[in-house]
Each structure stands twice: as C-alpha cells, then as structure tokens.
Amino acid sequence: MSMPYLAQAEQQETLEWLHGGTFSVLLDGRATDGQLTVGRFRVPKGEAPPFHLHTREDEIFLLIQGSALLWVGDEQMELSEGGIVYLPRNVPHGYRITSDTADLLMITKPSGIEGMFRHAGRDVTADRPEGFEISSDVLAEAADLYGQVIVGPPR
C-alpha cells in the first residue's frame with residue numbers, strides 16, 4: 001500500500017554520476033511502493049550516457065535548465081529548457097548536453113532504475129576514492145542488472 005512520503009533536499013540521496021555530474025534520488029521504489037522513481041541530474045556540458053533502452057520501465061525527462069540533443073531511434077531532436085519527452089520502454093534513446101550545465105528531472109514507471117545508479121554511482125556523502133570514475137565495465141554491469149540494454153556508444 002502506498003503511503004505519503006516527504007524528503008527534504010538534505011535527506012535525498014545524491015550520487016556522483018557520469019562526467020562529474022550528480023544524480024539525486026528524489027523518490028525511489030521504497031517511497032512509492034514500487035510505482036515510480038523520480039531523480040534529478042545536474043550535469044556538465046558534454047554529458048552523454050550510452051545509447052540505450054529500458055526493458056522494464058517507461059521514462060520521462062523534463063529539462064529544467066539547459067539544452068541538449070536527443071536521439072530517439074534514428075531521429076535527432078533538440079531539447080530546450082522546459083522541454084519534456086516521454087520514452088516508452090524498449091525504444092533506443094540517448095542525449096548529449098549542449099549547454100554549459102543542465103538540470104534534468106527523470107521519472108520512470110515502475111521504479112527500480114535507481115538500483116542501477118546506486119550500483120555504478122558513488123554516494124557523495126562518503127569519502128571519494130582517489131581517481132574514482134564510473135568505468136564502462138561497471139556501467140554495463142549495472143545496466144544489465146537493472147534491465148537496461150546498451151545498444152551503442154554515446155552520441
């Protein structure tokens with residue numbers, strides 16, 4: 001049964017992510033009874049995940065601040081500040097941040113994808129190991145464990 005849940009900013013888990021960006025887990029499966037995950041990326045110019053698809057969840061991205069190129073299948077689009085995109089499961093997609101920084105809100109239904117970020121990322125409240133980076137091997141392992149399929153390199 002779903003219950004109301006509130007987490008102030010200082011209570012939200014923040015993970016170091018690709019290219020020195022961060023991913024904050026705003027709502028996870030525990031908070032939403034498995035219904036959805038809500039996360040927030042704060043990333044620098046050039047941040048681009050591998051071209052991938054989700055086998056378990058549908059995804060929504062809202063670009064709060066910044067600009068990006070978005071690829072869905074073979075189609076390339078521009079995503080500008082305030083733009084939103086819906087990505088059904090099993091549709092290959094990727095993006096590349098084109099502004100100096102970007103702030104993106106991600107919603108997936110159902111929850112579960114937060115496990116991938118926790119597996120590959122690093123909790124920013126813990127001491128940072130010297131030379132920490134998310135290797136392509138760790139990213140591929142995390143993706144595989146959580147139903148993501150990497151179909152190509154970043155675009």
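**Focus: the pattern of salt bridges**
Link 1 in the chain: All chains considered together, the criterion is met by 8 salt bridges.
Link 2 in the chain: Among the salt bridges present, the one from Asp103 reaches Arg40, with a minimum N-O distance of 2.6 Å. Highlighted residues: Asp103 in strand β10 (residues 101–109) and Arg40 in strand β3 (residues 37–44), separated in sequence by 63 residues.
Link 3 in the chain: A residue is classified by how much of its surface remains accessible, and Arg40, at 24% relative accessible area, is partly exposed.
Link 4 in the chain: For Arg89, the salt bridge is made with Asp58, and the minimal N-O distance between the two is 3.3 Å.

**Quick look at the sheet that holds strand β11 (residues 122–123)**
Link 1 in the chain: Within the open sheet, the 7 strands sit side by side as β8-β5-β10-β3-β2-β1-β11. Their pairing is antiparallel. Since the sheet does not close on itself, it has two edges, and those belong to β8 (84–87) and β11, each with one partner.
Link 2 in the chain: By the bridge criterion, 4 bridges tie strand β5 (residues 58–65) to β8 in an arrangement that is antiparallel. Bridging from a neighbouring strand, Glu59 pairs with Leu87 of β8.

So, how was this worked out
- Residues numbered from 1 in each chain as written.
- Predicted model: local features only at pLDDT ≥ 70, side-chain atom pairs only at ≥ 80, totals over all residues.
- Heavy atoms only, no water.
- Salt bridge = Lys/Arg side-chain N within 4 Å of Asp/Glu carboxyl O.
- Helix = DSSP H or I, 4+ residues; strand = E, 2+ residues; numbered from the N terminus.
- Buried < 20%, exposed > 50% of the residue type's maximum accessible area, 1.4 Å probe, protein only.
- Pairing = 2+ DSSP bridges.

Function-wise, these values are silent; they only describe arrangement.
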